[in-house]
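These are the residues of each chain, in order.
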Amino acid sequence: MQPDMIQPNNYRIDEAKYKSLLKYIRLSVTEKYEFPQEIVQIDGVTIATIGNFSASTGKPKSKKTFNVSAIVASALSGKEILKYKAELPSCKNRILYIDTEQSKCHCHKVLHRILKLAGLPTDQENDNIQFLVLREYTPDQRRDIIRWALHEEQNIGLVIIDGIRDLIHDINSPSESLDIINELMRWSSYYELHIHTVLHLNKGDDNTRGHIGTELNNKAETILQISKNNENGKISEVRAMHIRDREFTPFAFEIGEDSLPHLVKEHQFKKNKMDRLASYIDMTEQQHRTALEVTFEECAEYGYQSLLEALKKGYESIGYSRGRNTLVNLCKFLLENHAITKNGRTYSYNSSFHL
């Protein structure tokens, strides 16, 4: 952990603090840096590492909390549950679960479900999971409680925040959204743990809600989308909406008579736009042209950051929605294939390109 970094949001860096921090924030060419430890996988595909954060998203009643319960149960037991295989570091084998929406009665059911999935006793306390219920508190109070919990609790390797929307006042506020995402990045990095949070999708489409959803898409390591099957509403499907690693094969689960989620084997998935456009490399030339025409319809030239934002909008128009890391790689691909040309510090569309 870095010294003198657990500070309130109005913390300022003066010259003395900057000099003391420099040895921690300056990157060295000769030093070796370990890759973040992988703690959650699906069929060998990494979806969560120490020092990062991820999210589950879906519409109401899509069984998001059941999905999160499986992740937590796997982390508690080390067993594969649904398709999740989690393994926390031995020195960080505890879980902090924070619920901002439900009553204590409903949260108690979630805790029992997690312990049952993990094959652990439900009639005695388990020191490896700390469950906090914050429904009755204000957004500012909830954030303060989380800060103190992270500061006081020892050996935490995984944090669940079921209801990140309830940590801010206005879901469409750019400043509040950026502020809480910065908190997630700071908490996960400083305490060397992984944070998995939950956010609803818009009712009318498959976009994450509000400006905070946009920030999550840009910064999260992985975003899982949980959705009801169109033909059978009892079945929930899990896909990668955004992921830094390669995409995993979607899977499905349903709730059994024991009130626990169970894997639906040999489930037949209907391909949606996101499935058909699994990779920008596999797209046709015409698909790229359509996306790039939308990208450059409002401006002929962009700086790099503005280009990434415009590419996000352009490729979402053809059903390809991805986070910043994928967009960076997409931009490199387009430059290498001369679909985008660079002139100094600006980028423009080359409509005569061919793949």
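Sequence order as written defines residue numbering, which begins from 1 separately in each chain. In keeping with the predicted nature of the model, local features appear solely for residues at pLDDT of at least 70, side-chain atom pairs appear and are counted solely at 80 or more, and the whole-chain, interface and lining totals rest on all residues. Processing note: side-chain calculations cover all non-hydrogen atoms of the structure and skip hydrogens and water entirely.

Engineer: An account of unusual backbone geometry is requested, with residue identities and associated values reported.
Structural biologist: Note: most residues except glycine have negative phi, and most peptide bonds are trans. A positive phi is found at K63, a non-glycine position, where the angle reads about 80°. Mapped onto the fold, K63 is located in the loop between β3 (53-58) and α2 (64-77). Each residue's exposure class comes from its accessible area (1.4 Å probe, protein chains only) as a fraction of the maximum for that residue type: buried when under 20%, exposed when over 50%, partly exposed otherwise. For K63, a relative accessible area of 26% translates into the label partly exposed. Non-glycine residue L82 carries a positive phi angle of around 55°. A run of H or I in DSSP becomes a helix once it reaches four residues, and a run of E becomes a strand once it reaches two; helices and strands are each numbered from the N terminus. On the secondary structure map, L82 appears in the loop between β4 (80-81) and β5 (84-86).

Engineer: Break down helix α3 (residues 104-118) for me, with residues and values.
Structural biologist: Between its terminal C-alpha atoms α3 stretches 21 Å, which fits the 21 Å expected from 15 residues at 1.5 Å a residue. Listed in full, the buried residues belonging to α3 are C107, V110, R113, I114, L115, L117 and A118. Contacts made by the buried residues of α3 are with α2, β4, β6 (94-99), β7 (129-133) and β13 (261-263). Remark: G119 follows α3 within two positions and exhibits a positive phi of approximately 75°. An expected span of 1.5 Å times one less than the residue number is assigned to each helix. The contact definition used throughout considers only heavy atoms, calling two residues in contact when any of these lie within 4.5 Å.

Engineer: Help me get a handle on helix α4 (residues 139-152), residues and values and all.
Structural biologist: Counted at 1.5 Å a residue, the expected span for α4 with its 14 residues is 20 Å, and the 20 Å between its end C-alpha atoms agrees. Within α4 the residues assigned to the buried category are P139, R142, R143, I146, R147, A149 and L150. For α4, the buried positions fall inside an angular range of 165° around the axis, keeping them on one side. Against the buried residues of α4 lie β6, β7, β8 (156-162) and α5 (174-190). Note that the arc is defined by the directions from the helix axis to the C-beta atoms.

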